[in-house]
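# Analysis of the macromolecular model
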Amino acid sequence: MNIKKFFILLLIIRFFNLSVYGDSQVKDKENKLHTKNLNKDEFAPTTLFTGNTYFTFGTVRSNGKKDYFEITYENKFKLNTSFNGSDKLLAIFESGNALDSPLNLDLQSSKGDAIKISTLLYEFKISDAINGVIGPKMFGYNGLAGKSTAYNERIAILDGSNFTTTSGIGPGLGISKRNKNGSNASIKLGFNNSKMNNQSLHLISQIGLTKKNFGGTITTNINEDFNAFGLAAYVKPKILPSISFSIEQKKDNKSKKIHNWILGLQKNLDSYNYGIAIGTYNSQENIAYENWIEIFISDKFKLIPVIFIKDNKHTKDELGIALNTKFSY
């Protein structure tokens, strides 16, 4: 999907009166006009449009590689539609030119300059505590009810769920339950491409506990290529930074075991957030260290400096430095 088609889609949405909002004040005003003639038990379908744009300027330095600086971008647009107030049709459009970036940050996109749909799913209520999810384009973590970490793993290079919630991008079907005491459970069938067969199938299950100041999950991922099992937990003290830890084990068909783990600290303040973590970043179980700060310039504009060090067993260590800007709308 190119940019022209994307904006044609937005015009169609406006034509059919699926109110698209840029901020909460506009949303409230238009929603009142749209619902003034409805009965109390009726709900006006609404669509919320939001987006983020990242600029990333940085470099990776190593004695064994030629140094150079780069600048990349990521665009991500979200259309979130509700038809009855308790459901969600989510469509995420994404583009970015960081395919060959040596930084390989999580906030960089490698989808290419053409806008593509990266997520398309529908979540709905089955009962007060049980939700269902279905969609033709889903990531492994979509539809899972548990909260595994209080650390933002979507910024730098470390990720505590590389194995257990990874299924590629493809169709998915799942069901989850959230209890009032904070316990939750999820089970999901995910596929790593549009062909739904035994080779592409991932059976992902999770149980967890989500409280205000602590929580965690136990997650499994079973498919023909590997079986993965992971434990995750976090605590959020009132004064000290939050502490998050997770560990996973993946066992392939050759009985080879690979471990992935991360220990992260994060503190959220009024004008900035900061995080620091240590963990493994590749299948050789090499260690990496990362540090980042989110600096709030305004409600819609952030600066995010990132620094990381990759420990390589057979070559020189790599130092990554990047300055990121985030625009929200």
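Positions within a chain are numbered from 1, following the residues in the order the chain's sequence is written. Given that the model is predicted, a residue must reach a pLDDT of at least 70 before its local features are reported, and side-chain atom pairs must reach 80 or more before they are shown or counted; all residues, however, enter totals for whole chains, interfaces and linings. Side-chain descriptors were evaluated using all non-hydrogen atoms of the structure, hydrogens and water having been removed beforehand.

## Considerations on the overall build of the protein
For the purposes of this entry, the term helix denotes a DSSP run of H or I that reaches at least four residues, the term strand denotes a run of E that reaches at least two, and both are numbered from the N terminus. Counting its regular elements, the protein contains two helices and 17 strands. Burial classes: relative accessible area under 20% of the type maximum marks a residue as buried, over 50% as exposed, and values in between as partly exposed (1.4 Å probe, protein chains only). The 329 residues of the protein split such that 40% are buried. A separation threshold of at least 6 residues defines the contact pool for the protein, and within that pool the share at least 24 residues apart is 50%. Throughout, the Shrake-Rupley method with a 1.4 Å probe supplies accessible areas, and for residues the shown protein chains are the sole cover considered. Total accessible area computed for the protein in this model is approximately 18500 Å², and 58% of it derives from carbon and sulfur atoms. A contact between two residues is defined here by any heavy atoms of the two lying within 4.5 Å.

## Brief notes about the pairing of strand β5 (residues 112–125)
For two strands to pair, DSSP has to find at least two bridges joining them. Pairing between strand β4 (residues 88–96) and β5: eight bridges, direction antiparallel. Bridge assignment links Lys 88 to a residue of β5, and that residue is Glu 123. Here β5 runs beside strand β6 (residues 130–138); their pairing, made up of five bridges, is antiparallel. Within the sheet, the bridge partner assigned to Glu 123 lies in β6 and is Val 133. Taking the residues between adjacent antiparallel strands as the criterion, β5 and β6 are bridged by four residues.

## Regarding the pairing of strand β10 (residues 214–222)
Pairing analysis gives eight bridges linking strand β9 (residues 201–210) to β10, with the strands arranged antiparallel. Of the residues in β10, the one forming a bridge with Gly 208 is Thr 217. Hairpin connection, β9 to β10: the antiparallel pair is bridged by three residues.

## Observations concerning the packing of aromatic side chains
Given two aromatic rings, one states the distance between the centres and the angle between the planes to describe the pair. Working definition: rings of Phe, Tyr and Trp (its six-membered ring) pair if their centres are within 6.5 Å, and the pair is stacked with planes under 30 degrees apart, edge-to-face with planes over 60 apart, and tilted otherwise. Throughout the structure, instances matching the rule amount to nine aromatic pairs. Seen from their ring centres, Phe 55 and Phe 327 are 5.4 Å apart, and the 65° between their planes marks the pair as edge-to-face. Of the two residues, Phe 55 is situated in strand β2 (residues 46–61) and Phe 327 in strand β17 (residues 318–328); the sequence distance between them amounts to 272 residues. Judged by centre distance (5.5 Å) and plane angle (10°), the ring pair of Phe 57 and Phe 69 falls under stacked. A residue pair is termed long-range when its members are at least 10 positions apart, and Phe 57 in strand β2 and Phe 69 in strand β3 (residues 69–82) qualify at twelve residues.

## Regarding the nonpolar core
Among buried residues, those of type Ala, Val, Leu, Ile, Met, Phe, Trp, Tyr and Cys that are joined through side-chain atoms within 4.5 Å constitute a nonpolar core. Ranked by internal contacts, the top residues of the largest apolar core, which has 19 residues, are Leu 105, Leu 158 and Val 306. At the level of secondary structure, the elements contributing two or more residues to this core comprise β2, β15 (287–298) and β16 (301–310). Among the elements that take part in this core, β16 stands out by supplying three residues, more than any other.

## A closer look at the confidence of the model for the protein
Scored between 0 and 100, pLDDT is the confidence that the predictor attaches to each residue. The share of residues in the protein with pLDDT of 70 or more is 86%, and the mean pLDDT across the chain is 88. The secondary structure element of the protein with the lowest average pLDDT is strand β1 (residues 20–21), at 36, and the one with the highest is β10, at 98. Confidence over residues 1–36 falls short of pLDDT 50; this stretch has 41 contacts with residues more than four positions distant or in other chains.

## Here we look at the side chain of Gln 266
Topologically, Gln 266 is positioned in strand β13 (residues 257–268). Within polar-contact distance, the side chain of Gln 266 engages the backbone nitrogen of Asn 152 at 2.8 Å. Aside from chain neighbours lying at most four places away, what touches Gln 266 is Ala 150, Tyr 151, Asn 152, Pro 241, Ser 242, Tyr 274, Gly 275 and Trp 292. Think of a polar contact as two N or O atoms within 3.5 Å of one another; within protein, one of them needs to be a possible hydrogen donor and the other a possible acceptor, and neighboring residues in sequence only count if both atoms come from side chains.

## What about the pattern of salt bridges?
Side-chain pairing between opposite charges can occur once the charged atoms of the two side chains come close. Salt bridge, as used here: a side-chain nitrogen of Lys or Arg that lies within 4 Å of a carboxyl oxygen of Asp or Glu. Considering all chains together, one arrives at four salt bridges under this definition. The partner of Lys 76 in a salt bridge is Glu 74, with the nearest N and O atoms 3.9 Å apart. Among the residues examined, Glu 74 registers a relative accessible area of 5% and is labelled buried. A salt bridge links Arg 154 to Asp 159; the nearest nitrogen and oxygen atoms lie 3.6 Å apart. Residue class for Arg 154 comes out partly exposed when judged on its relative accessible area of 42%.

## As for a positive patch on the surface
Without a salt bridge and with relative accessible area above 30%, a residue can belong to a patch; like charges are then joined within 9 Å and nonpolar side chains (Val, Leu, Ile, Met, Phe, Trp, Tyr) within 5 Å. For the purpose of counting charges, residues Lys and Arg are taken to be positive, whereas Asp and Glu are taken to be negative. His and the chain ends are not included. Note on charges: their place is set at NZ of Lys, CZ of Arg, CG of Asp or CD of Glu. Together, Lys 147, Lys 212, Lys 236 and Lys 238 line one region of the surface with positive charge. Tracing the chain through its elements places Lys 236 in the loop between β11 (226–235) and β12 (242–252).

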